[in-house]
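Coordinate inspection notes
One letter stands for each residue in the lines below.
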Amino acid sequence: MDTAYVYDPIYLEHNQPSHPENARRLQRILVVLEKEGLLNRMKLLEPRPATTEELQRVHTPTHIERVRRVAQSGGGHLDLDTYVSPRSFDAALMAAGGVIKAVEAVLAGEIANGFALVRPPGHHATATQGMGFCLFNNVAVAARAALDAGKIERVFVADFDVHHGNGTQDIFADDATVFYFSTHQYPHYPGTGHWDDTGSGAGKGSVLNVPLPPRVGDEGYARIFDQLVWPLAERFQPDLILVSAGYDAHWSDPLAQMNLSLAGYARMAQELVRMANRLCEGRIVFTLEGGYELDVLAHGVLNSFYAMLGESTVSDPIGPSPHPERSVSELIGRLKEIHHVS
């Protein structure tokens, strides 16, 4: 079976050139994938728009209508950080629908795995509001659609964006069928994701927040995966893994102060693919979130495709961080205790 990617030119029409989250991000990704010969090796999945019913399983009608109205009026802002351009509503429908399309294809056995190269991003969008550059929560909409279709029972969401995916966590905080895992710089936007926030109600224990101080890098992230993510994923036994793939924890990203290299990012992608192969018949879909140093972003996505293709190739034209790395030993110990990991 093929590795696939989701793309449509409408994703470039959600755009404000002066904003960090602009169309150049996706354009650079496509240039690098084409240059390295990856696009010809993968299947293109053409997205469809998410339906109103699919969106309303996650978002309130009031929020959906607000995004539509602002776009229809010529554009504007949902908050200081989050813009809407005239085609943003259509692009956002296609972004959410694009992730659904990839998940449907994976679950139907039509593709081995996939990456949804979509914009606008989604993991900050809550049920009631868009924020943090995000309009609709693409991963949450796709996870809910897959669960409601009745073909799977458990979804593991891995979020390695440098910012905590507050929207995704909020949407599934009390849902035991979704395990949400996030590594993120803390304290940093949006200020959520404390280590003692582990879910609520029926979902208590189904959230792993790993709030990291600045300058944690490749070694720290590797230890987090080995000592926390793997044992908790094996305990949860997912039927599908969804990845909120943000490449802004790289040491050169302008919006954060973390220490990952492209090689460190590649290892995480490889681990998640290996996890999917071991736990859920290889069913994994990556979805584009953040990343604002364009070469890092493009090569980070490229390395994720190599991982999905089962190849060990790592493209890192930028190199390792020049900064010393912070230890995560104390944090890992605390989280092991909270989550009962030996």
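Further up the page is the structure itself.
Residues numbered from 1 in each chain as written. Predicted model: local features only at pLDDT ≥ 70, side-chain atom pairs only at ≥ 80, totals over all residues. Heavy atoms only, no water.

**Overview of the packing of aromatic side chains**
With the rule as written, the count across this model stands at eleven aromatic pairs. Ring geometry for Phe89 against Phe136: centres 6.1 Å apart, planes inclined by 80°, an arrangement best described as edge-to-face. Of this pair, Phe89 sits in helix 4 (residues 88-107) while Phe136 sits in the loop between strand 5 (111-116) and helix 5 (138-148), placing them 47 residues apart in sequence. Each of the two residues, Phe89 as well as Phe136, counts as buried. Consider the rings of Phe160 and Tyr265, whose centres lie 5.5 Å apart with planes at 65°: the pair is edge-to-face. You can see Phe160 sitting in the loop between strand 6 (155-159) and helix 6 (166-172) and its partner Tyr265 sitting in helix 8 (residues 262-279), a full 105 residues away along the chain. Among the aromatic residues, those joined into a ring-pair cluster are Phe115, Phe286 and Phe305. Sitting over the face of the ring of Trp195, Arg334 holds its NZ or CZ atom 4.7 Å from the ring centroid. (Phe/Tyr/Trp six-rings, centres within 6.5 Å; stacked < 30°, edge-to-face > 60°. Helix = DSSP H or I, 4+ residues; strand = E, 2+ residues; numbered from the N terminus. Buried < 20%, exposed > 50% of the residue type's maximum accessible area, 1.4 Å probe, protein only. Lys NZ or Arg CZ within 6 Å of the ring centre and 35° of its normal.)

**Brief notes about the nonpolar core**
Ranked by size, the top nonpolar core spans 115 residues in total, and within it Phe115, Leu117, Phe181, Phe286 and Phe305 carry the most contacts. At 13 residues, the largest contribution of residues to this core is made by helix 4. If sequence neighbours within four positions are ignored, Phe181 has contacts with Phe156, Val157, Ala158, Asp159, Leu208, Val210, Ile224, Phe225 and Val229. (Core = buried A, V, L, I, M, F, W, Y, C linked by side-chain atoms within 4.5 Å. Contact = heavy atoms within 4.5 Å.)

**Details of the pairing of strand 6**
Within a regular strand, side chains alternate between the sheet's two faces. Strand 6 sits mainly inside the fold: five of its five residues count as buried. Residues Val155, Val157 and Asp159 of strand 6 are buried on one face, and the alternating residues Phe156 and Ala158, pointing to the opposite face, are buried as well. Where strand 6 lies against strand 7 (residues 178-185), five bridges are found, and the strand directions are parallel. By the bridge assignment for strand 7, Phe156 is matched with Phe179. Once the chain exits strand 6 it traverses helix 6 before rejoining the sheet at strand 7, and the crossover so formed is right-handed. Looking at chain direction, strand 6 and strand 9 (residues 240-245) are connected through five bridges and run parallel. Paired with Asp159 across the bridge in strand 9 is Ser244. (Pairing = 2+ DSSP bridges. Right-handed = clockwise from strand over helix to strand, strands pointing away.)

**What to know about helix 7 (residues 218-236)**
The end-to-end C-alpha separation of helix 7 is 25 Å, in line with the 27 Å expected for 19 residues at 1.5 Å each. Taking the largest bend as the criterion, helix 7 deviates by roughly 35°, centred on Phe225. Three or more residues of helix 7 are buried, namely Gly220, Tyr221, Ala222, Ile224, Phe225, Leu228, Val229, Trp230, Leu232, Ala233 and Phe236. Looking at the buried residues of helix 7, the elements they touch are strand 6, strand 7, strand 8 (207-212), helix 8 and helix 10 (329-338). Phi turns positive, to about 55°, at Gln237, one or two residues after helix 7. (Expected span 1.5 Å × (residues − 1). Bend = angle between axes of the 7 residues up to and from the residue.)

**Side note on the pairing of strand 9**
Burial within strand 9 is extensive, with six of its six residues counted as buried. Judged by which residues are buried, strand 9 turns out to be covered on both faces: Leu240, Leu242 and Ser244 on one side and Ile241, Val243 and Ala245 on the other are all buried. Bridge count for strand 9 against strand 10 (residues 284-288) is five bridges, and the pairing is parallel. Note on strand 10: the bridge partner recorded for Val243 is Phe286.

**Overview of the side chain of Ser261**
Relative to the helices and strands, Ser261 is located in the loop between strand 9 and helix 8. Exposure remark for Ser261: the relative accessible area of 2% places this residue in the buried category. In this structure the side chain of Ser261 is engaged in a polar contact, spanning 2.6 Å, whose partner is the side chain of Asp218. Residues within four places of Ser261 in sequence aside, it is in contact with Asp218, His250, Trp251, Asp316, Gly319 and Pro320. (Polar contact = N/O pair within 3.5 Å; in protein donor to acceptor, adjacent residues only side chain to side chain.)

**Side note on the packing of helix 1 (residues 23-35) against helix 9 (residues 294-308)**
The N-to-C vectors of helix 1 and helix 9 enclose an angle of 50°; their axes lie 8 Å apart at closest approach. In terms of their interaxial angle, helix 1 and helix 9 are classed as oblique. Here helix 1 and helix 9 pass one another in a crossing that is right-handed. On helix 9, the residues that touch Arg24, Arg25, Arg28, Ile29, Val32 and Leu33 of helix 1 are Leu294, Asp295, Leu297, Ala298, His299, Val301, Leu302 and Phe305. Within the contact of helix 1 with helix 9, the residues separate by chemical class into nine nonpolar, one polar and four charged. (Axes fitted to C-alpha atoms, helices over the stretch in contact; angles between N-to-C directions. Parallel < 35°, antiparallel > 145°, perpendicular 65-115°, else oblique. Left-handed = near helix turned anticlockwise from the far one by under 90°. Nonpolar A, V, L, I, M, F, W, Y, C, P; charged D, E, K, R; others polar.)

**Some points on the sheet that holds strand 7**
Across the sheet, eight strands lie side by side as 2-1-5-10-9-6-7-8; this open sheet has parallel pairing. Of all the strands in the sheet, the pair left with one neighbour each is strand 2 (43-45) and strand 8. The average angle at which neighbouring strand axes cross in this sheet is 15°, direction not considered. Across the face of the sheet, helix 4 comes into contact with strand 1 (2-6), strand 2, strand 5, strand 9 and strand 10 while running at roughly 170° to strand 5.

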